[in-house]
Amino acid sequence: MKKTFLRGVVAGAAATGMVLPLAALPAFGDAPAGTQVQLLNITDFHGRIAEAGHGVASVAERERAAFDGETAILTAGDDIGASTYASSSQEDQPTMDVLNAIGADAASVGNHEFDRGYADLRDRVSPNTDFPNVGANVYAKGTTEVADGIDPYAIVEQGDVRIGVIGAVTEETAQLVSPGGIEDIEFGDPVTAINDAAEELEALPDDEKPDLTVLAAHLGPGDVSDLDSALSSNEEFNSVVTGADASIDAMFFGHSHMQANFSAPVPGDDGRTRPVVQSGSYGEIVGKVTLTSEGEGDWSVDEQALLETADQSFDSPVVDEVDGIVADAEETANEIGSEVVGTIDEDITRAFNEDGSEDRGGESQLGNLVADALKEGVEMSQLEEADFGMTNPGGLRTDLLVDDVFGGEEPGEVTVGELNAVLPFANDHGVVTLTGADVIQLIEEQWQPDGASRSFLHMGISDELDVVYDSDAERGEHVVSVEFNGEEIDPNAEYRVATLSFLASGGDNFSAFANGEFQQSGITDFEVWENYFETRDVVEGDPQERQADFALDVINTEDLTASFAYSGGEEIEVEQGGDVGLTFMTEAARDIDGPFDLALELPEGFSADLAGVEDAFTAANATAAESAVLEKIAEGTTESELTVAAGDDVEAGEHTVTATLIADPEHAWWDDNPLPVSRSLDLTVTVTDAQPGEDDDDNGSDDGGNGDDGGSGDDGRDDDNGGDDNGSDDGGNGDDGRDDDARDDDNGDLPRTGAELGGILGLAAALVAAGGAALAASRKRGKGL
């Protein structure tokens with residue numbers, strides 16, 4: 001079967017950036033009526049030659065053999081990059097060989113074709129493929145001329161049929177690959193570039209014009225439930241489907257790894273539709289569109305389908321050739337990658353959605369582990385030590401599973417090949433020095449710009465960082481707290497952040513990295529990753545999450561408030577050697593299962609007794625007198641007594657008792673329940689000198705506190721004394737001796753003027769003290785509180 005290509009050049013009107021109205025372009029081509037064409041497509045193959053090479057080849061050969069007309073095979077980008085080890089271990093040459101063997105006719109460039117930089121695509125990849133790599137919106141920097149080694153379109157000749165194939169890639173590619181590798185090119189608006197290419201095709205001589213025109217675009221929808229949802233889910237996809245030239249007869253998309261099979265209206269041509277197909281990813285699907293010429297450049301669609309490749313086999317020399325390429329690639333990869341470099345005893349994975357698909361907006365043990373490795377890996381180099389590490393979720397391409405076996409290793413043993421499959425991009429490793437304000441901005445930049453393919457990207461962070469954010473906050477205000485080694489990060493201080501070149505150059509829209517200079521360590525992220533495993537007997541994932549979403553906190557999301565109250569008024573006072581009774585109170589709209597940890601952090605010389613709390617909340621025995629575990633918080637109001645005592649040697653004056661409440665971090669919170677956020681409240685306790693006796697001048701008047709020197713008549717005590725025994729000589733008789741709204745520790749209703757542990761009432765962080773005590777929210781991992 002003879003195939004020839006006319007590779008596109010930018011010339012004439014297209015070079016000026018002119019775009020003609022859709023109606024100005026006549027239908028071109030002169031294929032006789034009844035001519036049939038079959039278009040087969042894959043996208044986002046990502047070098048899955050061992051997993052899907054045989055199936056893709058078999059389906060392609062089967063469909064080609066069964067079709068009476070001409071067949072063209074197209075790809076919509078990301079053929080290489082982020083590949084499994086059989087291909088990535090050999091710089092994806094085996095994948096190029098497989099696509100050559102299958103007979104690919106044209107391929108749109110995807111963002112992953114630029115993983116090793118534009119020069120690699122131009123000088124190595126393009127010369128090693130038997131098909132053109134097309135991308136009409138990939139321009140030489142500062143121009144609208146398509147970059148060398150890439151073509152805006154190709155014309156594929158199959159028999160007597162000429163098929164024009166226009167390529168395009170998402171404009172977001174500039175944020176998806178290392179900026180250092182694309183310094184000589186830029187990515188333009190795909191619709192403008194597509195229509196420029198269509199105009200150039202129309203300007204060709206009659207004997208060179210295509211009979212039909214096809215688009216292969218590496219950009220795609222975020223929702224494929226129906227066409228309207230798909231168009232609404234991604235602005236770029238919408239603009240291409242609704243704005244690409246009417247001369248385009250069929251459209252193949254990629255990038256979002258979803259399966260789509262729609263018919264969309266053709267702009268400016270009432271009643272006419274054209275196929276809009278996306279063939280999933282990893283070679284699991286071959287998209288198929290068949291068309292019949294109606295003459296005078298018009299084509300009707302006979303069939304459009306998504307064909308599964310799993311378990312498909314077809315007897316063909318082409319399939320045999322593909323099988324041979326794959327076998328040779330696996331043998332070489334096994335030799336390179338079978339070395340055992342470490343051990344795991346539990347799976348360490350990425351984050352996933354409920355349907356099992358990868359969730360790059362979720363925190364993962366794997367992402368945090370890679371960040372740990374990046375931080376530690378600086379010690380392998382000449383660079384000064386890093387403070388912490390950060391990585392992006394898109395850099396994690398598979399999981400580390402105990403039962404995965406790469407070569408002949410035992411379950412749980414981790415090989416070079418398995419590690420490479422996790423981090424296949426060979427990014428440069430190094431350190432960026434940033435201010436604390438820059439680090440806070442990086443956390444904020446997890447919320448991606450409007451129009452990005454993913455609205456939120458959850459960074460992996462190393463163990464030194466603890467983050468609390470509020471996903472319900474306004475843009476730019478999501479970050480509640482960032483702690484470094486347990487202390488709030490200083491916006492003005494400098495911190496050394498270990499990361500990889502992709503992020504250091506501002507990849508994935510993390511632009512704050514550009515505020516510092518990237519010092520390269522001279523090693524790759526994979527070498528750091530490998531060393532991390534080689535230096536440990538067993539590598540374990542951290543069971544504690546490192547970023548807490550306050551909006552999802554179990555206390556914040558339930559109808560729950562908690563507070564402390566004191567019967568003596570708003571100021572808590574206690575004598576040296578004495579104690580003071582407090583009430584811990586909760587109000588809940590319904591029963592809320594725990595466990596919850598309640599604790600008091602006491603100054604030196606203080607002690608506490610939480611036995612009453614344990615009784616009221618059916619709590620477990622406390623590990624210390626200052627803490628209790630609440631198994632459940634009951635519906636309604638629950639009050640319990642606790643005591644704080646000041647030792648004889650405690651100095652008079654103000655002291656701070658810190659109360660904390662947290663949903664127990666030992667509970668199974670990870671990805672199954674809202675993450676607990678620690679709520680802390682500082683209670684000011686004033687210690688007074690021990691009193692010499694009842695008749696001391698400071699103890700109030702002889703007439704029960706109602707004389708000129710007796711302080712408040714309502715309280716029946718001196719203004720300076722918070723003791724429980726003060727009052728009149730008659731004993732401070734009940735209601736007559738104090739305010740109606742106050743009582744001693746044993747009688748009456750408590751005032752609601754104490755300190756509240758804020759619940760869901762829109763409070764930005766946690767425990768709120770009446771009288772203006774500061775809010776505080778933090779993530780305290782592994783400390784129980």
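Here the residue index of a chain counts from 1 through its sequence in written order. It should be noted that, the model being predicted, local features are given only for residues of pLDDT at least 70 and side-chain atom pairs only at 80 or more, the latter also being counted only at that level, while totals for whole chains, interfaces and linings use all residues. Side-chain numbers here rest on the full set of heavy atoms in the structure, without hydrogens or water.

Visitor: What am I meant to see in helix H2 (residues 49-66) here?
Guide: Numbering of helices and strands runs from the N terminus, with a helix taken as a DSSP run of H or I at least four residues long and a strand as a DSSP run of E at least two residues long. Each helix should span, by expectation, one fewer than its residue count multiplied by 1.5 Å. Under the 1.5 Å per step criterion, the end-to-end length of H2 is 24 Å for 18 residues, consistent within 8% with the ideal 26 Å. Only protein chains enter the accessibility calculation, which uses a 1.4 Å probe; a residue whose area is less than 20% of its type maximum is buried, one above 50% is exposed, and one in between is partly exposed. Those residues of H2 that fall on the buried side of the exposure criterion are Ile49, Ala52, Gly53, Gly55, Val56, Ala57, Ser58, Val59, Ala60, Glu61, Glu63 and Arg64.

Visitor: What is the right way to read the confidence of the model for the protein chain from this model?
Guide: As a note on interpretation, predicted positions should not be read in detail where pLDDT is low. As a per-residue measure, pLDDT tells how confident the predictor is, with possible values from 0 to 100. The predicted model of the protein chain has a mean per-residue pLDDT of 83, with 81% of residues at 70 or higher. Should any heavy atoms of two residues lie within 4.5 Å, those residues are counted as being in contact. The low-confidence segment residues 694-754 (pLDDT under 50) makes 94 contacts with residues lying over four places distant or belonging to another chain. Across residues 757-785, where pLDDT falls below 50, the model places 104 contacts with residues more than four positions away in sequence or in other chains.

Visitor: What's the story with the pattern of salt bridges in this structure? I'm lost.
Guide: Any two side chains of opposite charge can pair, on the condition that their charged atoms come close. For salt bridges, the criterion is a side-chain nitrogen of Lys or Arg within 4 Å of an Asp or Glu carboxyl oxygen. Under the defined criterion, the tally for this structure stands at 21 salt bridges. Taking the shortest distance from any N to any O, the salt bridge between Arg360 and Glu358 comes out at 3.5 Å. Judged by relative accessible area, Glu358 falls into the partly exposed class, the value being 27%. Linking Glu376 and Arg536 is a salt bridge whose minimum nitrogen-to-oxygen distance equals 2.5 Å. Here Glu376, found in helix H11 (residues 365-377), pairs with Arg536, found in the loop between helix H15 (525-534) and strand E26 (547-549); they are 160 residues apart in sequence, far enough to count as distant. Here Glu376 falls in the partly exposed class, since its relative accessible area comes to 22%. Using a relative accessible area of 26% as the deciding quantity, one classes Arg536 as partly exposed.

Visitor: Sorry, what's going on with unusual backbone geometry here?
Guide: Peptide bonds are trans in most cases, and residues, glycine excluded, mostly fall at negative phi. A positive phi is found at His257, a non-glycine position, where the angle reads about 60 degrees. Checked against the element boundaries, His257 lands in the loop between strand E11 (248-253) and strand E12 (259-265). The exposure class assigned to His257 is partly exposed, which follows from its relative accessible area of 27%.

Visitor: I tried to follow a negative patch on the surface on my own but got confused; where do I start?
Guide: Surface patches are drawn from residues lacking salt bridges whose relative accessible area is over 30%; two like charges belong together within 9 Å, two nonpolar side chains (Val, Leu, Ile, Met, Phe, Trp, Tyr) within 5 Å. Note on areas: Shrake-Rupley with a 1.4 Å probe; residue coverage comes only from the protein chains shown. We treat Lys and Arg as the positive residues and Asp and Glu as the negative residues; His and chain ends play no part in the count. In this description, the location of a charge corresponds to atom NZ of lysine, CZ of arginine, CG of aspartate or CD of glutamate. A contiguous patch of negative charge on the surface is contributed by Asp345, Glu346, Asp347, Asp403, Asp404 and Glu540. As for its position among the elements, Glu540 is in the loop between H15 and E26.

Visitor: Help me out: how do you make sense of the pairing of strand E22 (residues 479-484) in this one?
Guide: For a regular strand, side-chain orientation follows a simple rule: the groups alternate between the two sheet faces. Most of E22 sits out of view: five of its six residues are buried. Any two strands with at least two DSSP-identified bridges between them are counted as paired. Pairing analysis gives five bridges linking strand E21 (residues 465-469) to E22, with the strands arranged antiparallel. The residue bridging Asp466 from the neighbouring strand is Glu483, located in E22. Note: E22 against strand E23 (residues 487-488), two bridges, orientation antiparallel. Counted as the bridge partner of Glu483 is Glu488 from E23. Taking the residues that link successive antiparallel strands as the turn, the E22-E23 hairpin has two residues, and the phi of Asn485 there is positive, at about 50 degrees.

Visitor: Please clarify how the sheet that holds E22 should be interpreted in this entry.
Guide: Strand order in the open sheet made by the four strands is E23-E22-E21-E26, with mixed pairing throughout. Looking at the sheet topology across the chains shown, the edges are occupied by E23 and E26. Lines fitted to C-alpha atoms define the axes, with helix axes restricted to the stretch in contact, and inter-axis angles between N-to-C directions lie between 0 and 180 degrees. Along the sheet, helix H13 (residues 436-444) contacts E21, E22 and E26; its crossing angle with E22, the most-contacted strand, is approximately 125 degrees.

Visitor: How should I be thinking about the packing of helix H4 (residues 93-102) against helix H10 (residues 317-337) in this particular structure?
Guide: For any two helices packed against each other, the geometry comes down to the angle between their axes and how far apart the axes lie. For the pair H4 and H10, interaxial distance at closest approach is 9 Å and the crossing angle is 175 degrees. Comparing the axis directions of H4 and H10 gives the class roughly antiparallel. Residue-level inspection shows Pro94, Asp97, Val98, Ala101 and Ile102 of H4 in contact with H10, the latter providing Val318, Glu321, Val322, Ile325, Val326 and Ala329. Residues are grouped as follows: Ala, Val, Leu, Ile, Met, Phe, Trp, Tyr, Cys and Pro are nonpolar; Asp, Glu, Lys and Arg are charged; every other residue, Gly included, is polar. A breakdown of the residues in the contact of H4 with H10 according to their chemical character gives nine nonpolar, no polar and two charged. By the definition adopted for this analysis, an angle is roughly parallel if under 35 degrees, roughly antiparallel if over 145, roughly perpendicular if from 65 to 115, and oblique otherwise.

Visitor: What is the right way to read the environment of Ala373 from this model?
Guide: In this structure, Ala373 sits in helix H11. Put simply, Ala373 and Met390 are 17 residues apart on the chain and 9.7 Å apart in space, counted from C-alpha to C-alpha. The residues touching Ala373, leaving out its near neighbours within four places in the chain, are Val528, Trp529 and Tyr532.

Visitor: What should I look at first to understand the environment of Thr643 in this one?
Guide: By secondary structure assignment, the location of Thr643 is in strand E33 (residues 636-646). Considered as a pair, Thr643 and Thr583 are 60 residues apart in the sequence and their alpha carbons are 8.5 Å apart. Not counting the four nearest positions on each side in its chain, Thr643 is found in contact with Asp579, Val580, Ser607, Ala608 and Asp609.

Visitor: Teacher, can you tell me more about the packing of H2 against H10 here?
Guide: Two elements in contact, H2 and H10, have axes separated by 9 Å at closest approach and are oriented at 175 degrees. If you check the angle between H2 and H10, you find them roughly antiparallel. Packed against H2, whose contacting residues are Ile49, Ala50, Gly53, His54, Ala57, Ser58 and Glu61, the element H10 presents Val318, Val319, Val322, Asp323, Val326, Ala329 and Glu330 at the interface. Split into classes, the residues belonging to the contact of H2 with H10 amount to eight nonpolar, three polar and three charged.

Visitor: So what exactly am I meant to see when it comes to the side chain of Gln448 here?
Guide: The topology assignment puts Gln448 in the loop between H13 and strand E20 (460-461). In this structure, Gln448 is in contact with Arg454, Ser455, Phe456, Leu457, Arg475, Asp508, Asn509 and Phe510, ignoring residues within four places of it in sequence.

Visitor: When you look at the nonpolar core in this model, what are you seeing that I'm missing?
Guide: Within soluble globular proteins, side chains that are nonpolar tend to cluster in buried spots. We define the nonpolar core as a collection of buried residues of types Ala, Val, Leu, Ile, Met, Phe, Trp, Tyr and Cys that are connected through side-chain atoms lying within 4.5 Å of one another. Membership of the largest hydrophobic core comes to 58 residues, with the highest contact counts inside it found for Met390, Leu400, Phe513, Trp529 and Phe533. What Trp529 contacts, discounting residues up to four positions off in sequence, is Leu366, Leu369, Val370, Ala373, Leu400, Leu419, Val422 and Leu423. Within the second largest apolar cluster, 36 residues are counted, among which are Phe564, Val613, Phe617 and Leu683.

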